[in-house]
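As a plain string of letters, each chain reads:
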Amino acid sequence: MVADGIATQEVAVEALTKLEVDPLGLDEIDRKVLHTIIEKFNGGPVGLETIAAAISEDSDTIMDVYEPYLLQLGFLERTPRGRLATPLAYQHLGLPYDKDKPPQPNLL
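About the thresholds
Residues numbered from 1 in each chain as written. Predicted model: local features only at pLDDT ≥ 70, side-chain atom pairs only at ≥ 80, totals over all residues. Heavy atoms only, no water. Helix = DSSP H or I, 4+ residues; strand = E, 2+ residues; numbered from the N terminus. Buried < 20%, exposed > 50% of the residue type's maximum accessible area, 1.4 Å probe, protein only. Patch = residues over 30% accessible without salt bridge, like charges linked within 9 Å, V, L, I, M, F, W, Y side chains within 5 Å. Areas by Shrake-Rupley, 256 points an atom, 1.4 Å probe, with all protein chains shown as cover. Salt bridge = Lys/Arg side-chain N within 4 Å of Asp/Glu carboxyl O. Lys, Arg positive; Asp, Glu negative; His and termini not counted. Charge placed at Lys NZ, Arg CZ, Asp CG, Glu CD. Pairing = 2+ DSSP bridges. Phe/Tyr/Trp six-rings, centres within 6.5 Å; stacked < 30°, edge-to-face > 60°.

Relative to the elements of secondary structure, K99 occurs in the segment after α5 (87-93). Using a relative accessible area of 68% as the deciding quantity, one classes K99 as exposed. Linking K99 and G43, residues 56 residues apart in sequence, is a C-alpha distance of 9.8 Å.

Laid out in structure tokens, this is it:
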């Protein structure tokens, strides 16, 4: 599409689509964080360092760049035991949420 330097809604939508940014503004890493918590760690709680290792991303980057927006949207909760994906996160990703699903087993 040729925009001649004009940022119309159509141009913006096309650009965001090419960047794989969804309608709520989540990008690939945002979705990867949520999918990791939900699919690898049963929705949490899971520690920040564990999430970072699982997606090969720096923990400070996750905490400073990605978490604030996920928290603002209500997709993520910080608890003393770790991060939790909320029912809204499941809904946005199109994943079934089962509140009766057993939590991640405790190793201790």
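As a further point, take unusual backbone geometry. For the bond from G44 to P45, the omega torsion is 5 degrees, close enough to zero to count as cis. Assignment of secondary structure puts P45 in the loop between α2 (28-40) and α3 (48-55). Even without being glycine, N42 reaches a positive phi, approximately 50 degrees. For N42, the location among the structural elements is in the loop between α2 and α3.

Our focus in this paragraph is a negative patch on the surface. On the surface, E49, D58, D60 and D64 cluster together into a patch of negative charge. On the secondary structure map, D64 appears in helix α4 (residues 59-73). The exposure class of D64 is exposed, given its relative accessible area of 54%.

Moving on, we come to the pairing of strand β1 (residues 76-79). One ladder, built from four bridges, connects β1 with strand β2 (residues 82-85); its direction is antiparallel. Residue L76 lies in a different strand from β2, and its bridge partner there is A85. Taking the residues between adjacent antiparallel strands as the criterion, β1 and β2 are bridged by two residues.

Counted under the stated rule, the structure contains four salt bridges. Across the pair D22 and R31 runs a salt bridge whose closest N-O atoms are separated by 3.9 Å. The class of R31 is buried, set by a relative accessible area of 19%. The shortest N-O distance in the salt bridge between E67 and R83 comes to 2.5 Å.

Here the structure, examined in full by the defined rule, presents one aromatic pair. Considering the side-chain rings of Y90 and Y97, the 4.9 Å spacing of their centres and the 70 degrees angle between planes classify their relative orientation as edge-to-face. Residue Y97 is classed as partly exposed on the basis of its relative accessible area, which comes to 42%.

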